[in-house]
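Each chain, letter by letter, is given below.
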Amino acid sequence: MTKAPIRVAVTGAAGQIGYALLPRIASGAMFGPDQPVILQLLELPIDKVMQALKGVAMELEDCAFPLLRGIVCSSDTKVAFKDANWCLLVGSKPRGPGMERNDLIRENGPIFVGQGQAIAEVGAKDVRVAVVGNPCNTNALIAMHSAKGVPKERFTAMTRLDQNRAMSQLATKAGVHSTDVTHATIWGNHSATQVPDYVNTKIQGKPANAVIKDEAWLKGEFFKTVQQRGAAIIAARGSSSAFSAASALVDHVHDLHFATPAGEWRSVCVVSDGSYGVPAGLISSFPVTSDGKGGWKIVQGLPLDPFVKEKIAATVKELEGERAVVADLLK
Ligand code: NAX
């Protein structure tokens, strides 16, 4: 029997992440090879941008994807989020020249107020949200507060790209394949203060720091490389990470849609319940398991060394600072 289609809303769909993301959703990479999807694409109400979105939709048609059961293009959140089961909030205002991080947070805040309200108003009863547009943790926090009546657990933000980057760096250093790196854990904010954990991340089943016995590298180059990878990609490519971000979003949603294999976990930014000293209510990256039915849990009781603990305190402080900047939007 054919499954009912999943409605997937994607904002910023004519952007570079959107371009790399949409064919992967439509081909079955996100929800599996037997799950039909309907894509509901949102862009800014600017002629040139809507024209570009039309071109993207034409390309999707030209792929004749067996699982793609419909494409909606709109500049109206109420149309794009209508009955959506998943809302992937990718679009946001980029950082302009001379703009401080706090300016970016303030510029983007209202977008996520409106989108959160629209999700609550017209989204499906089981709607779930993944925020990619930066600053993604705080944007997710704003959307979560604005979506009155939608359970807070439905809102996530993406540190999966950071997780994947950490896995790749550790695999290269240890001389193994990235599939030998499991339980990769990112704590905190998706920013330069994020914390890639080398105690709980495992290489061939052993703690990464028991395999890579180079503390200076783990606390130095490894941290810096993962934290600064986005900037390094911009420096090398002239634009920010696109298909790696799209691929990470496919992983993020896929792994929340399906159950996590027993004993494993993934890094996901979710609303804190106070675990690991992260103040309740902040959206922070944690090791998370999914039950495959819409539920998730923060993995409890993981050991943290003093260095990682100190770094988590710093990234949490940054998240609290970002929350303070948008306090008026969280009512
Ligand atoms: P692009 O500038 O290529 O595309 C963004 C698109 O969003 C544009 O087409 C724009 O018209 C649209 N947009 C802006 N405001 C909108 C709104 N209110 N409603 C609907 N559409 C809107 O950026 P792209 O490279 O695709 O990156 C998108 C976002 O992802 C950026 O905020 C970026 O910082 C963020 N990233 C997040 C990552 C993460 O790991 N969480 C990694 C990659 C990326 O840097």
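Residues numbered from 1 in each chain as written. Predicted model: local features only at pLDDT ≥ 70, side-chain atom pairs only at ≥ 80, totals over all residues. Heavy atoms only, no water.

K.L.:
Mind laying out the site of the ligand, listing which residues take part and the relevant values?
P.N.:
Every one of the 24 residues lining the ligand counts as a neighbour, but Q16, I17, E43, S92 and N134 are closest to it. Within the side chain of S92, a nitrogen or oxygen atom sits 2.6 Å from an oxygen atom of the ligand. Out of a free accessible area of 870 Å², the ligand has 82% covered by protein chains. Here the shell around the ligand is built from residues that sort into twelve nonpolar, eleven polar and one charged. (Near = heavy atom within 4 Å. Polar contact = N/O pair within 3.5 Å; in protein donor to acceptor, adjacent residues only side chain to side chain. Areas by Shrake-Rupley, 256 points an atom, 1.4 Å probe, with all protein chains shown as cover. Nonpolar A, V, L, I, M, F, W, Y, C, P; charged D, E, K, R; others polar.)

K.L.:
Can you break down empty space enclosed by the protein residue by residue, with the values?
P.N.:
Unfilled space is identified by rolling a water-sized probe across the atoms. A full pass over the atoms with the stated rule returns two cavities of 30 Å³ or more. Put simply, the largest cavity is a space of about 50 Å³. Lining the largest cavity are R160, H252, D255, L256, T260, R266, S267, V268, V288, T289 and S290. The set of elements that each furnish at least two residues to the lining of the largest cavity consists of α10 (243–257), β12 (266–271) and β13 (283–290). A class-by-class count of the residues in the lining of the largest cavity yields three nonpolar, five polar and three charged. When its volume is computed, the second largest cavity comes out at roughly 30 Å³. (1 Å grid on protein atoms, 1.4 Å probe; cavity = no way out; pocket = protein on both sides within 12 Å on 5 of 7 lines; lining within 4 Å. Points joined across faces, edges and corners; volume = space filled by probe spheres on them. Helix = DSSP H or I, 4+ residues; strand = E, 2+ residues; numbered from the N terminus.)

K.L.:
I'd love a proper account of the pattern of salt bridges, names of residues and values included.
P.N.:
Under the counting rule described, the total for this entry stands at 13 salt bridges. The residue E121 makes a salt bridge to K78 at a minimum N-O spacing of 3.7 Å. A residue pair is termed long-range when its members are at least 10 positions apart, and E121 in helix α4 (residues 101–122) and K78 in helix α3 (residues 77–80) qualify at 43 residues. Judged by relative accessible area, E121 falls into the exposed class, the value being 55%. R160 is the partner of D251 in a salt bridge, and the nearest nitrogen-oxygen pair spans 4.0 Å. With D251 in helix α10 and R160 in helix α6 (residues 160–174), the pair connects residues that are 91 residues apart, well separated along the chain. Under the relative-accessibility criterion, D251 is labelled partly exposed at 23%. Taken together, the salt bridges that share partners define one network made up of R160, D251, D255, E264 and R266. (Salt bridge = Lys/Arg side-chain N within 4 Å of Asp/Glu carboxyl O. Buried < 20%, exposed > 50% of the residue type's maximum accessible area, 1.4 Å probe, protein only.)

K.L.:
Pulling in residues and values, what's your account of the confidence of the model for the chain?
P.N.:
Of the residues in the chain, 100% have a pLDDT of 70 or more, and the chain-wide mean is 97. No element of the chain has a lower mean pLDDT than helix α9 (residues 229–237), at 93, and none a higher one than strand β4 (residues 86–89), at 99. (pLDDT = per-residue confidence, 0-100.)

K.L.:
Report on the pairing of strand β2 (residues 37–42), specifying residues and quantitative values.
P.N.:
As a general feature of sheets, a regular strand has side chains that alternate between the two faces. Of all six residues in β2, six are buried; the element is thus mostly enclosed. Burial along β2 is two-sided: V37, L39 and L41 facing one way and I38, Q40 and L42 facing the other are all buried. One ladder, built from six bridges, connects strand β1 (residues 6–11) with β2; its direction is parallel. When the sheet's bridge partners are listed, I6 is paired in β2 with V37. Viewed along the sheet, the connection from β1 through helix α1 (residues 16–26) into β2 turns out right-handed. Bridge count for β2 against strand β3 (residues 68–74) is six bridges, and the pairing is parallel. By the bridge assignment, Q40 is partnered in β3 with V72. The parallel pair β2 and β3 is bridged by helix α2 (residues 47–62), and the resulting crossover is right-handed. (Pairing = 2+ DSSP bridges. Right-handed = clockwise from strand over helix to strand, strands pointing away.)

K.L.:
Tell me what's going on with α2, and back it up with residues and numbers.
P.N.:
In a regular helix each residue adds 1.5 Å, so 16 residues correspond to 22 Å; α2 covers 23 Å between its end C-alpha atoms and thus fits that length. Three or more residues of α2 are buried, namely L53, V56, A57 and L60. Viewed end-on, α2 has its buried residues packed into an arc of 100°, placing them on one side of the element. Set apart from the buried face of α2 by more than 90 degrees, the exposed residues are D47, K48, Q51, E61 and D62. Here the buried face of α2 lies against α1, β2 and β3. In the stretch just after α2, A64 is the one whose phi turns positive, near 45°. (Expected span 1.5 Å × (residues − 1). Arc of directions from axis to C-beta. Contact = heavy atoms within 4.5 Å.)

K.L.:
Go over the layout of surface pockets with me, naming the residues and quoting the values.
P.N.:
By volume, the largest pocket amounts to about 1500 Å³. Forming the boundary of the largest pocket are 49 residues, of which S92, P94, G133, N134 and S240 lie nearest the centre. Of all the secondary structure elements, the ones that give two or more residues to the lining of the largest pocket are α1, α2, α4, α6, α8 (215–227) and α9. Here the lining of the largest pocket gets four residues from one element, more than from any other, and that element is α4.

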